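Working through the structure, step by step
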Amino acid sequence: MQKRNRTVAVIGAGDFIGGEIAKKFASEGFTVFAGRRNGDKLVPLVKDIEAAGGEIHARSLDARNEREIVSFLNDADKHAPLEVCIFNIGANVNFPILETTERVFRKVWEMACYSGFLAGREAARLMLPHGGGNIFFTGATASLRGGSGYAAFASAKFGLRAVAQAMARELGPKNIHVAHLIIDSGVDTEWVRQRRLEALGPNALDDPDLLMPPASVAASYWQLYQQPKSAWTFELEIRPFGEKW
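All of these numbers come straight from a predicted model, not from anything done at the bench. (Residues numbered from 1 in each chain as written. Predicted model: local features only at pLDDT ≥ 70, side-chain atom pairs only at ≥ 80, totals over all residues. Heavy atoms only, no water.)

Take the overall build of the chain next. The helix and strand tally for the chain stands at seven helices and seven strands. For the chain, the succession of helices and strands along the chain, N to C, is β-α-β-α-β-α-β-α-β-α-β-α-α-β. Here the C-alpha radius of gyration of the chain, 18 Å, is about what a compact globule of 245 residues would show, namely 18 Å. On the principal axes, the C-alpha backbone points of the chain span a range of 50 × 40 × 35 Å. Counting over 245 residues, the chain shows a buried share of 47%. Contacts spanning at least 24 positions in sequence make up 74% of the contacts within the chain whose residues lie at least 6 apart. (Helix = DSSP H or I, 4+ residues; strand = E, 2+ residues; numbered from the N terminus. Rg over C-alpha atoms; globule rule 2.2 N^0.38 Å. Buried < 20%, exposed > 50% of the residue type's maximum accessible area, 1.4 Å probe, protein only. Contact = heavy atoms within 4.5 Å.)

Structure follows, in structure tokens:
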């Protein structure tokens, strides 16, 4: 493992994609700063990374709170230069339009778009004096398509994509790689498995290759980080080979 003289901040370090991103970067020598709404749920991730010889600092984080985002990223940068910030908050909900309350719509936008703006802005503020960095955003199929029942989620993900695109155009010439990763597939989690069974019937899980392992998403983020600045990707779409699109 390489010397830990750089940090990665994972905002939305959940049990699946976020956790695997944290593990991947820790295994490559990064000190990980991991945040999620309920910090107590980060205990297994901390144990896994430390058992593998990595270093992680985990805490509760409400990404919609500007003060908390500023503090979280500042602490990461003080520990060692903040080299990568990954925004991985989902907020995937499905409500028929007449059942989408004002509160639901606003909360989804705050979680999936507004908090991404805060994270990106503050990461950029810290990276510019270092002369570069990487800011990556997790998108979804809904980033490009508003599906039935997904007015709130799609509008937030459309907005996050626009924030990322504007940031990429502004910050790329300043040596900050901004990328948006669209996950166009169900990710292999227990929740997704149950949803597929309910929607598609008892044979929905017969082909395991139609769900994307969280570790594969983490590998894609690592590939983005490794790209030379002469050939940066802004938007990367990933899906299993059998996914219809």
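For the rest of this paragraph, the subject is the sheet that holds strand S6 (residues 176-183). An order of S3-S2-S1-S4-S5-S6-S7 is seen for the seven strands of this open sheet, with the pairing classed as parallel. Where the open sheet ends on each side, the last strands, each with one partner, are strand S3 (55-60) and strand S7 (235-238). Each adjacent strand pair in this sheet contributes to an overall mean axis angle of 15 degrees, direction not counted. Pairing of strand S4 (residues 82-87) with strand S5 (residues 133-140) involves four bridges; the strand directions are parallel. Residue pairing across strands places Val84 opposite Asn134, the latter belonging to S5. Lying over the sheet, helix H1 (residues 17-27) contacts strand S1 (7-11), strand S2 (31-36), S4 and S6, oriented at roughly 175 degrees with respect to S1. The strands touched by helix H7 (residues 214-226) are S4, S5, S6 and S7; relative to S6, the strand with the most contacts, the crossing angle is about 155 degrees. (Pairing = 2+ DSSP bridges. Axes fitted to C-alpha atoms, helices over the stretch in contact; angles between N-to-C directions.)

Summarising the element assignment, His177 is placed in strand S6. Here the side chain of His177 touches Thr233 through a polar contact of 2.7 Å, landing on its backbone oxygen. When sequence neighbours within four positions are dropped, the list of residues in contact with His177 reads Gly133, Asn134, Ile135, Phe136, Leu224, Gln227, Trp232 and Thr233. (Polar contact = N/O pair within 3.5 Å; in protein donor to acceptor, adjacent residues only side chain to side chain.)

To describe a pair of aromatic rings, one takes the distance between the centres and the angle between the planes. Under the defined criterion, the tally for this structure stands at twelve aromatic pairs. Counting every residue linked through ring pairs, the aromatic cluster contains Phe25, Phe30, Trp222 and Tyr225. (Phe/Tyr/Trp six-rings, centres within 6.5 Å; stacked < 30°, edge-to-face > 60°.)

Here the focus is the environment of Trp245. Looking at the element boundaries, Trp245 is found in the segment after S7. C-alpha separation for the pair Trp245 and Asp184, spaced 61 residues apart in sequence, amounts to 8.2 Å. The residues contacting Trp245, other than those within four sequence positions of it, are Asp184 and Arg239.

Now for the pattern of salt bridges. Following the criterion strictly, the structure yields 14 salt bridges and no others. Linking Asp48 and Lys23 is a salt bridge whose minimum nitrogen-to-oxygen distance equals 3.4 Å. You can see Asp48 sitting in helix H2 (residues 43-51) and its partner Lys23 sitting in helix H1, a full 25 residues away along the chain. The partly exposed category is assigned to Asp48, whose relative accessible area is 41%. (Salt bridge = Lys/Arg side-chain N within 4 Å of Asp/Glu carboxyl O.)

Next up on the list: the nonpolar core. The biggest cluster of nonpolar side chains holds 31 residues, and the ones touching the most others in it are Phe25 and Tyr221. Where this core is concerned, the elements lending two or more residues are S1, H1, S2, H2, S4, S6 and H7. In terms of residues, this core owes the most to one element, H7, which gives six residues. Sequence-distant contacts of Tyr221, that is, excluding residues within four places in its chain, are made with Ile21, Phe25, Ile86, Phe136, Phe137, Thr138 and Leu181. Residues Ala9, Ala63, Ala123 and Ala168 belong to the second largest nonpolar core, which totals 29 residues. (Core = buried A, V, L, I, M, F, W, Y, C linked by side-chain atoms within 4.5 Å.)

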